Amino acid sequence: MKQKTLLATAITAALMLQAWAVSAQDASPAPAQTTDSSAPSAAKAKKLETITVTGSRIRSVDVETAQPIVSMSRKQIEATGLTNVSDVLQRIVSANTPDITPEDTLSSGSSVGGTYTSLRNLGSQRTLVLVNGRRWSTDINGLTDLSTIPTSIIERIEILKDGASSIYGSDAIGGVVNIITRDHYNGAEANVYYGQNQKGDGQQQAYDITFGTSTDKSNTVFTASYRNEDAIWDSKRELTRTGYGPRHPEDGFYTGPWGRVVDPNDKSKSYVINHGATDSSNFANYHLYDPNSNADKYNTNQDMTYRAPSRLKNLFAQERYNLTDNITLHATGSYSERTSSSQLAGYPFQTNGNQIVKISGQNAYNPFPGQDVSFFRRTVEMPRITNSTAKMSHFDVGAEGFFGLGDQEWSWDANYSYSKADINQRTTGNINLVNAAKALGPTAMVDGQVVCANADDRAAGCLPWNILAGPGGTSQAVMNYVNTVEQASAQNTTRDFTANVSGGLFDLPAGTVNLAVGVEHRRLAGSFTPDQFASSGYSTDLASAPTVGKYTANEAYAELDVPLLQGLPGAQELAVNIASRYSHYSNFGSTTNNKYSFRWKPINDLLVRGTYAEGFRAPTLSDLYGGTGQSFETFLDPCDSAYGAASTNPSVAKACSAAGVPANYRQVDASGKQIASNAGGQTPTPFLSGSNAELKPETSTTRTLGLVYSPHFVQGLDFSLDYYNIRIKNTIQSVLASDILNYCYIQNDPSFCGRFTRNSSGVITNLNESLANLGELKTEGYDFSAHYRLPQMTAGQFVVSLDSTYLSKYDITNGPGQPTEGQAGMIAGTNGLFRIRANASLDWSYGNFGATWTVRYYSGLRDVCWDATTECNEPNYTNPWIGTTGASSKGAVAFNDAQFRYKLPWNASFSVGVNNIFNKKGPFYYNVTNAGQGEGPYLPSFDIDRYFYVSYNQKF
């Protein structure tokens, strides 16, 4: 899915490392090198006063840039009370729900188990993640797993909320997250952290120890860390105990564990064995199945994890060595091992979709002797559990330095980095269809025992399965026989070489004209090998084909910064910056992306800034070379005569009829029950999705315009206001089932009608959701922040902060001629497109004491109605692109966090905190459930509970 231009990353890395060396010297006790005869020269110290900032390659003494950048310090990270980098980044108001979260219980694939980030609601694949300016490892889906980066090694995080493809290449459309690791550390420290939810689950533990030494020649940092996050279970709280939440506790029940058999003589009827009965061959032990009752259905949430547990071990080492006054060598090594697991309820095993498996008419447990019968039965005795292990190694080496060119100072760097990730997944709980067919096949009596009739099958371990007997009627030996143990693996490697040089060209009256140029060669290779047995279709697991692919990218860039005016009335500073990057990919060809920006200070207190940036996102290995996969999708069929668009739109009803759909057609869900609301239902048969080797890059344009105001007459006060506008063309997307059906029947586009088939009853039996460069996305909004460090008072030091964002537009067009979907202020799957997000905080410190109070605000969203008369406060609202009527607007929510800290006399510190101190719950959004990720009607970005934590830091 995604490719990334590492060229600029590793370059920034080297320059950044020097920059952070300076800031670390400012923030930490400086080593006693200024009196040493071997100390760096004053000239070099002056050179080191310049730094590079995320989003530029040019070193400067001015950290105010034309790009909107926010930063989270180590102190701010600790104040969140969070130990996972992805969770920390979720607190940024410009961040939104990532593509995959630990709450996505039904997600599958090699990326599941990791944690990710997404900026501007544009997706994790359009957010570039750097570590010390270098691209971190990305998987075949183009996602950067943040769970492999422990918070213990982080000095700060910089977030560039701007397009940056001209500097960093692919993927920097939504923005750039640059994680700066600790550098120039002297001494040792240990940290211990423990937290848990109010319900007693979701415990988090973190332990780390750091050693560092700094001399006039070298700097060494070593960190070892361990983090453990326990599972949160759906069954633990009313909020997640059922599929549609506490307001509809009787909905969302599916196939039950009590055997159901279809009457072979009247297929409109099916019968369920009486609960507790084990003699499945006696028809007298059955009762008629009622699809409108939950009596014979099952609440799958009671067996599922809400948030998957994970464990991370990490070793990190960094070395910098001053070879001469002007040349520094550096090396970084990191090894992480992450384990995670998730659990689903037992498989809803049924003949439908698995026609090779029926109960034989010669099976002793068949209540209709002599006739093969279809059946339904959830194997609750055998929940589906996936354990994932990811091992990630990163190593980089490089050199950097300074030299003079005429009267100008220049810097250079050359870097090589290597990243490798190995992922292994082990899944149990799916059904071996080959063995199940034998276990449900003909039986015989041998020595008074019911056995498999085929002697060869018996010799191979076949045991007859009394599948209709329900829970307790199947022995563990039989379960072992029909169970599958599946193994899948994925691997990706990135090799990257970069070289950069930057410095002054000549002086103008307003300052020095600076230039940065560089080249990059990057090679990315990856593969995913699913379980061969499952891929062959012999398992109830979703089948998928292998993925294998690679590409190389050769790139070159140039960045020019020109100061035009300085120290004049109305122009204390005026400068422009131009950057361009040429990229050639072995799989699709070349692209050039430019960026133009300016910064203007009409007065010293006010900075006006703006950018125009071109960007791109290259298709990922999975986009191009991924094998076909299966998934069970939740959707609303527009031809449904009760809740689909055909029920209210005559033209849609006519289109459905013309396609052969019966006039009284009703959509059924995975349990065979007719859908009962606009929420639709999950398909009983898997749909297909796949790659497309002909994909081209997505392209984007980003425009920003902003103000930064720091009044000189109020020390410590500053404001910023930034406008952004992003347009993405040729978006790579899998066309979802609901969209395909809506475009076919509502928008009358025949190109989508060929993607699915129906049987004579109107039921959709096959649907293809393969990728295409199909759509367009436009978003715009405003960011506002205000920070005020009040003058020192007798009561202590107070700092007030506000960071907010307003989303004015989020428009999606899913293909030429298709209507534009204005989704701002709506719930889109598991992502809330909030109009307003804001964080306000008050920090207080007094001597050894300190405290922080934070309020996190989310505005309300528009959701689907439960039905026309229930949870539908906008019954007359008409969805402009689907045509359905009715909507439900849900209110805003705010979460309050508090932390208290104390510095102990023995060079230690202690903190205790509560997140969501008032135990606030967000609204229920049924579109989240409809997204089919198994999350229930609750946004994963919301706090699910009150959370308590305590931490201890000891310096040595």
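Quick notes on the rules
- Residues numbered from 1 in each chain as written.
- Predicted model: local features only at pLDDT ≥ 70, side-chain atom pairs only at ≥ 80, totals over all residues.
- Heavy atoms only, no water.
- Helix = DSSP H or I, 4+ residues; strand = E, 2+ residues; numbered from the N terminus.
- Rg over C-alpha atoms; globule rule 2.2 N^0.38 Å.
- Buried < 20%, exposed > 50% of the residue type's maximum accessible area, 1.4 Å probe, protein only.
- Contact = heavy atoms within 4.5 Å.
- Areas by Shrake-Rupley, 256 points an atom, 1.4 Å probe, with all protein chains shown as cover.
- Lys, Arg positive; Asp, Glu negative; His and termini not counted.
- Charge placed at Lys NZ, Arg CZ, Asp CG, Glu CD.
- 1 Å grid on protein atoms, 1.4 Å probe; cavity = no way out; pocket = protein on both sides within 12 Å on 5 of 7 lines; lining within 4 Å.
- Points joined across faces, edges and corners; volume = space filled by probe spheres on them.
- Nonpolar A, V, L, I, M, F, W, Y, C, P; charged D, E, K, R; others polar.
- Disulfide = S-S within 2.5 Å.
- Pairing = 2+ DSSP bridges.
- Axes fitted to C-alpha atoms, helices over the stretch in contact; angles between N-to-C directions.
- Salt bridge = Lys/Arg side-chain N within 4 Å of Asp/Glu carboxyl O.
- Phe/Tyr/Trp six-rings, centres within 6.5 Å; stacked < 30°, edge-to-face > 60°.
- Lys NZ or Arg CZ within 6 Å of the ring centre and 35° of its normal.
- Arc of directions from axis to C-beta.
- Patch = residues over 30% accessible without salt bridge, like charges linked within 9 Å, V, L, I, M, F, W, Y side chains within 5 Å.

*Asks:* Give a detailed account of the overall build of the chain, specifying residues and quantitative values.
*Replies:* Assigned secondary structure in the chain consists of 14 helices and 51 strands. Taking 956 residues into account, the globule formula puts the C-alpha radius of gyration at 30 Å, and the chain, at 30 Å, falls close to it. For the chain, the proportion of its 956 residues judged to be buried stands at 58%. The contacts in the chain between residues at least 6 apart in sequence include a share of 73% that link residues at least 24 apart. Carbon and sulfur atoms make up 55% of the accessible area of the chain, which amounts to about 35900 Å² in all. The chain carries 75 positive and 86 negative side-chain charges, and their two centres are separated by 0 Å.

*Asks:* So what about empty space enclosed by the protein? Which residues, and what values?
*Replies:* Inspection of the entire model under this criterion finds 12 cavities of 30 Å³ or more. The volume enclosed by the largest cavity comes to roughly 580 Å³. What lines the largest cavity is a set of 32 residues, and nearest its centre among them are Asp-87, Glu-103, Arg-307, Pro-940 and Phe-942. Every element with two or more residues in the lining of the largest cavity is listed here: helix H4 (85-90), strand S16 (305-307) and strand S45 (849-858). Considering each element in turn, the lining of the largest cavity owes the most residues, three residues, to H4. Within this model, the second largest cavity holds a volume of roughly 210 Å³. Around the second largest cavity sit 21 residues that line it, and Pro-102, Val-112, Gly-113, Ala-308 and Ser-340 are the ones nearest its centre. Among the secondary structure elements, those contributing two or more residues to the lining of the second largest cavity are S16, strand S18 (327-344) and strand S21 (384-405). By residue number, the principal contributor to the lining of the second largest cavity is S18, which donates three residues. The class makeup of the residues in the lining of the second largest cavity is five nonpolar, 13 polar and three charged.

*Asks:* With reference to specific residues and values, describe the state of the cysteines.
*Replies:* For the structure on display, the rule yields four disulfides. Paired by a disulfide, Cys-452 and Cys-462 hold their sulfur atoms 2.1 Å apart. Taking the torsion about the sulfur-sulfur bond, which here is approximately -70°, the covalent link between Cys-452 and Cys-462 counts as left-handed. Within this pair, whereas Cys-452 is found in strand S24 (residues 449-452), its partner Cys-462 is found in the loop between helix H7 (455-459) and helix H8 (476-482), the two being separated by 10 residues in sequence. We note that Cys-452, like Cys-462, is buried. The partner cysteine of Cys-639 in its disulfide is Cys-656, sulfur to sulfur 1.9 Å.

*Asks:* Residues and numbers for the sheet that holds strand S46 (residues 861-863), please.
*Replies:* Across the sheet, which stays open at both edges, the three strands sit in the order S46-S48-S47 with antiparallel pairing between neighbours. In this open sheet, the two edge strands, each paired with only one partner strand, are S46 and strand S47 (874-878). Strand-to-strand twist in this sheet, taken as the mean axis angle between neighbours without regard to direction, amounts to 50°. Pairing between S46 and strand S48 (residues 885-890): three bridges, direction antiparallel. Among the inter-strand pairings, Leu-861 is bridged to a residue of S48, identified as Lys-890.

*Asks:* So what's going on with the pattern of salt bridges? Which residues, and what values?
*Replies:* Should their charged atoms come close, side chains of opposite charge can pair. Under the counting rule described, the total for this entry stands at 40 salt bridges. One salt bridge in this structure joins Arg-74 and Glu-78, with 3.6 Å as the shortest N-O distance. Note that Arg-74 and Glu-78 are positioned in helix H3 (residues 74-79) at a spacing of four residues, about one turn of the helix. Between Arg-758 and Asp-637 there is a salt bridge; the shortest N-O distance is 2.9 Å. Of this pair, Arg-758 sits in strand S37 (residues 756-758) while Asp-637 sits in the loop between strand S32 (634-635) and helix H11 (650-658); the two residues are 121 residues apart in sequence, bridging distant segments of the chain. Arg-758 gets classed as buried once you look at its relative accessible area, which sits at 18%.

*Asks:* Lay out helix H12 (residues 737-745) in plain terms, naming residues and giving numbers.
*Replies:* Owing to its 3.6 residues per turn, the α-helix aligns residues three or four sequence positions apart on the same side. In terms of burial, H12 is largely enclosed, as eight of its nine residues are buried. Taken as a whole, H12 has its buried residues at Ala-737, Asp-739, Ile-740, Leu-741, Asn-742, Tyr-743, Cys-744 and Tyr-745.

*Asks:* Provide a residue-level description of the packing of aromatic side chains, including the pertinent values.
*Replies:* Enumeration according to the criterion identifies 32 aromatic pairs in this entry. With centroids separated by 5.2 Å and ring planes inclined at 75°, the aromatic side chains of Tyr-244 and Trp-866 adopt a geometry described as edge-to-face. You can see Tyr-244 sitting in the loop between strand S10 (232-233) and strand S11 (254-255) and its partner Trp-866 sitting in the loop between S46 and S47, a full 622 residues away along the chain. Among the residues examined, Tyr-244 registers a relative accessible area of 8% and is labelled buried. Between Phe-719 and Phe-784, the ring centres sit 6.5 Å apart and the planes meet at 25°, which makes this aromatic pair stacked. Within this pair, whereas Phe-719 is found in strand S36 (residues 717-734), its partner Phe-784 is found in strand S39 (residues 771-789), the two being separated by 65 residues in sequence. We classify Phe-784 as partly exposed; its relative accessible area is 31%. Sitting over the ring of Tyr-289, Arg-260 keeps its end group 3.9 Å from the ring centre. Between the NZ or CZ atom of Arg-862 and the centre of the ring of Tyr-877, over which it lies, the distance is 4.0 Å.

*Asks:* How would you summarise the sheet that holds strand S12 (residues 260-262) if you had to cite specific residues and measurements?
*Replies:* Overall, antiparallel pairing links the five strands, which are arranged S14-S13-S12-S20-S19 in an open sheet. Pairing within the sheet leaves two strands with one partner each, and these edge strands are strand S14 (286-288) and strand S19 (348-350). Pairs of neighbouring strands in the sheet enclose a mean axial angle of 25°, with direction left out of account. With three bridges connecting them, S12 and strand S13 (residues 270-273) associate as antiparallel partners. Note that in S13 the partner of Arg-260 across the bridge is Val-272.

*Asks:* Account for the side chain of Asp-87, with residues named and values stated.
*Replies:* Looking at where Asp-87 falls in the secondary structure, it is placed in helix H4. When near neighbours in sequence (up to four residues on either side) are disregarded, Asp-87 contacts Leu-82 and Arg-307.

*Asks:* Describe in detail unusual backbone geometry, supporting the description with residues and values.
*Replies:* The phi angle at Asn-132 is positive, at roughly 55°, despite the residue not being glycine. Mapped onto the secondary structure, Asn-132 falls in the loop between strand S3 (127-131) and strand S4 (134-135). Residue class for Asn-132 comes out buried when judged on its relative accessible area of 2%. Residues other than glycine seldom take positive phi values, yet Asp-171 does so here, at roughly 85°. In this structure Asp-171 comes out as buried when scored by relative accessible area, which is 0%.

*Asks:* Account for the environment of Ser-489, naming residues and giving values.
*Replies:* In this structure, Ser-489 sits in strand S25 (residues 483-508). C-alpha of Ser-489 to C-alpha of Asn-500: the two residues are 11 residues apart in sequence and 37 Å apart in space. Beyond its immediate chain neighbours, meaning those up to four positions away, Ser-489 contacts Ile-423, Asn-424, Ser-527, Phe-528 and Thr-529.

*Asks:* Summarise H11; cite the residues concerned and give the values.
*Replies:* Looking at H11, one finds that the buried residues are Val-652, Ala-655 and Cys-656. End-on view of H11: buried residues confined to an arc of 100°, all on one side of the axis. Opposite the packed face of H11, turned more than 90 degrees from it, sit the exposed residues Pro-650, Lys-654 and Ala-658. Taken together, the buried residues of H11 touch H12. Looking at the residues trailing H11, positive phi occurs at Gly-660, about 90°.

*Asks:* Explain the pairing of strand S7 (residues 187-197) to me, using residue names and the numbers behind them.
*Replies:* Direction of pairing for S7 relative to strand S8 (residues 204-214): antiparallel, over a ladder of nine bridges. Residue pairing across strands places Ala-190 opposite Ile-209, the latter belonging to S8. Between S7 and S8, which pair antiparallel and follow one another directly, the connecting turn spans six residues, one of which, Gly-200, has a positive phi of 85°. Here S7 pairs with strand S51 (residues 947-955) via nine bridges, running antiparallel. Paired with Tyr-194 across the bridge in S51 is Val-950.

*Asks:* Which residues make up a nonpolar patch on the surface, and what values go with them?
*Replies:* Taken together, the side chains of Tyr-194, Tyr-846, Phe-849, Phe-900, Phe-910, Val-912 and Val-950 make up a nonpolar region of the molecular surface, amounting to roughly 570 Å² of accessible area. The residue Phe-910 is located in strand S50 (residues 908-915) in this model.

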